[in-house]
Amino acid sequence: MAAVDFGDISEAFETVSFNPQYDKEAYLCRETGRIYYYFSDLDDSGNELPEDIGDDRKYIQIPRKNELDLGRKLVFRFVEHELPGDVDYVYGIFRKAGAYSKFKALLERRGTLEKWYEYEANATEKALREWCEVNSIDLKKDSPLPGEGGERLP
């Protein structure tokens, strides 16, 4: 298998996890390291998946946030650790629409929004790297995250 840049895996993960109302999929070719995308809201000309995309030995689907417990479960872990007095309130807001915007407004009021972003980024990187390891995906050495100038997180 070709070594893959972690930034490419991370970018594909963010793409398929963003705005769940649209069906988006990404597949990693184990042989070439290339990532293929499928978007249900595009016509077939924008979705160029290989004919053998169903071959699980050759391709692996990039997971979404909830598949790696990086959705609500991550929110609740953060709140239980950082804002234990707000646990019941946060559980309540996640029972209704618009939960993430209300959650972020709470974090802003508590002065912990930046801490949340850091927590989320670290948890995401850790979960994706573990997913790569479990699935025998060889990562390029020192591959930066998207938007970084080559620096690596410790």
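Our subject is the structure that appears above.
Worth saying up front: this structure is predicted, and the values here are computed from it rather than measured.

1. What about the pairing of strand β2 (residues 35-39)?
Where strand β1 (residues 24-29) meets β2, five bridges bridge the pair, whose relative direction is antiparallel. Bridge assignment links Glu25 to a residue of β2, and that residue is Tyr38. What sits between the antiparallel neighbours β1 and β2 is a turn of five residues, in which Gly33 has the positive phi angle 80°.

2. A word on helix α4 (residues 99-110)
For α4, spanning twelve residues, the distance from its first C-alpha to its last is 16 Å, which sits close to the expected 16 Å at 1.5 Å a residue. Burial in α4 covers these residues: Ala99, Phe103, Leu106 and Leu107. What you see down the axis of α4 is that its buried residues fit within an arc of 100°, all on one side. Across from the buried face of α4, at angles greater than 90 degrees, the exposed residues are Ser101, Glu108 and Arg109. In the segment just after α4, Gly111 is the residue with positive phi, at about 75°.

3. What about the packing of helix α1 (residues 6-17) against helix α5 (residues 113-134)?
Close contact between α1 and α5 brings their axes to 11 Å; oriented N to C, the two are set at 110°. Relative to α5, the element α1 is oriented roughly perpendicular. Taken as a pair, α1 and α5 cross one another with a handedness that is right-handed. Mapping the contact onto sequence places Phe6, Ile9, Ser10, Phe13 and Glu14 in α1 and Thr124, Glu125, Leu128, Arg129, Trp131 and Cys132 in α5.

4. Concerning the sheet that holds strand β3 (residues 59-61)
Taken together, the three strands give an open sheet; going across it, the order is β2-β1-β3, and neighbouring strands pair in antiparallel fashion. The outermost strands of the open sheet, each flanked by one partner alone, are β2 and β3. For this sheet, the mean angle separating the axes of adjacent strands, direction not counted, is 25°. α1 contacts β1 and β2 of the sheet and is inclined by roughly 10° relative to β2.

5. Re the side chain of Arg30
Here Arg30 is to be found in the loop between β1 and β2. The charged side chain of Arg30 is buried without a salt bridge, its nearest counter-charge being Asp56 at 8.1 Å. At 2.9 Å, the side chain of Arg30 and the backbone oxygen of Asn135 are in polar contact. Beyond its immediate chain neighbours, meaning those up to four positions away, Arg30 contacts Met1, Ala2, Asp56, Arg57, Lys58, Ile60, Asn135, Ser136 and Ile137.

6. Overview of the pattern of salt bridges
Tallying each qualifying case throughout the model produces eleven salt bridges. Here Glu31 makes a salt bridge to Lys58, at a shortest N to O gap of 3.8 Å. Taken together, the residues span a long stretch of sequence, with Glu31 in the loop between β1 and β2 and Lys58 in the loop between β2 and β3 at a distance of 27 residues. In this structure Glu31 comes out as exposed when scored by relative accessible area, which is 52%. Across the pair Lys65 and Glu120 runs a salt bridge, and its minimum N-O distance is 3.4 Å. Placement of Lys65 in the loop between β3 and α2 (72-82) and of Glu120 in helix α5 is noted, with a sequence separation of 55 residues between them. We classify Glu120 as buried; its relative accessible area is 17%.

Cut-offs and rules
Residues numbered from 1 in each chain as written. Predicted model: local features only at pLDDT ≥ 70, side-chain atom pairs only at ≥ 80, totals over all residues. Heavy atoms only, no water. Pairing = 2+ DSSP bridges. Helix = DSSP H or I, 4+ residues; strand = E, 2+ residues; numbered from the N terminus. Expected span 1.5 Å × (residues − 1). Buried < 20%, exposed > 50% of the residue type's maximum accessible area, 1.4 Å probe, protein only. Arc of directions from axis to C-beta. Axes fitted to C-alpha atoms, helices over the stretch in contact; angles between N-to-C directions. Parallel < 35°, antiparallel > 145°, perpendicular 65-115°, else oblique. Left-handed = near helix turned anticlockwise from the far one by under 90°. Contact = heavy atoms within 4.5 Å. Lys, Arg positive; Asp, Glu negative; His and termini not counted. Salt bridge = Lys/Arg side-chain N within 4 Å of Asp/Glu carboxyl O. Polar contact = N/O pair within 3.5 Å; in protein donor to acceptor, adjacent residues only side chain to side chain.

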